[in-house]
Each structure stands twice: as structure tokens, then as C-alpha cells.
Amino acid sequence: MFTHHCTSCARRELIFPDQLTGLDNVADGFQIHFTCWCGAPQSHFTAREVAAA
């Protein structure tokens with residue numbers, strides 16, 4: 001679960017696992033695809049943690 005500001009309805013909403021539609025593993029993190037409560041397709045980027053040296 002995470003919060004996201006929708007670019008369609010302009011609301012900040014909690015996003016639950018059942019709203020997820022896809023996940024892309026990109027070089028520096030993950031691109032999460034989901035459907036907002038308003039029905040608009042959205043995406044959210046989550047960066048990987050960098051290990052301390």
C-alpha cells in the first residue's frame with residue numbers, strides 16, 4: 001500500500017495491491033502501474049536503495 005497523487009483527478013489516494021496492473025524492473029528502481037480510484041491508469045516510480053559503502 002502506498003499513496004499517490006493522481007494526474008487525472010488531482011486527489012491523493014491510498015493505492016492497494018488489488019489496484020496494481022503491472023510492475024517494470026528498471027535500471028534504478030521499479031515502475032509500478034495501477035488504476036486510480038477514479039479509473040485512470042497511473043504509474044509510480046520507486047527507486048532502489050543504495051547500499052552504504
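Rules of the game
- Residues numbered from 1 in each chain as written.
- Predicted model: local features only at pLDDT ≥ 70, side-chain atom pairs only at ≥ 80, totals over all residues.
- Heavy atoms only, no water.
- Pairing = 2+ DSSP bridges.
- Helix = DSSP H or I, 4+ residues; strand = E, 2+ residues; numbered from the N terminus.
- Axes fitted to C-alpha atoms, helices over the stretch in contact; angles between N-to-C directions.
- Phe/Tyr/Trp six-rings, centres within 6.5 Å; stacked < 30°, edge-to-face > 60°.
- Buried < 20%, exposed > 50% of the residue type's maximum accessible area, 1.4 Å probe, protein only.

A word on the sheet that holds strand β4 (residues 29-35). Sheet architecture is open: 3 strands sit in the order β3-β4-β5, paired in antiparallel fashion. Strand pairing shows two members of the sheet lacking a second neighbour, β3 (20-26) and β5 (41-47), which therefore form its edges. Strand-to-strand, the axes of this sheet are offset by a mean angle of 20°, without reference to chain direction. Here β3 runs beside β4; their pairing, made up of 6 bridges, is antiparallel. Of the residues in β4, the one forming a bridge with V26 is G29.

Taken as a whole, this structure holds 2 aromatic pairs when the rule is applied. Between the aromatic rings of F2 and F34, the centroid separation amounts to 5.6 Å while the plane-to-plane angle is 80°, which identifies the pairing as edge-to-face. Placement of F2 in strand β1 (residues 2-5) and of F34 in strand β4 is noted, with a sequence separation of 32 residues between them. Here F2 falls in the buried class, since its relative accessible area comes to 18%. A relative accessible area of 1% means that F34 is categorised as buried. When the centroid spacing of 6.3 Å and the interplanar angle of 80° are considered together, the rings of F16 and W37 count as edge-to-face. Note that F16 is positioned in the loop between β2 (12-15) and β3 and W37 in the loop between β4 and β5, a separation of 21 residues in sequence. The exposure class assigned to W37 is exposed, which follows from its relative accessible area of 53%.

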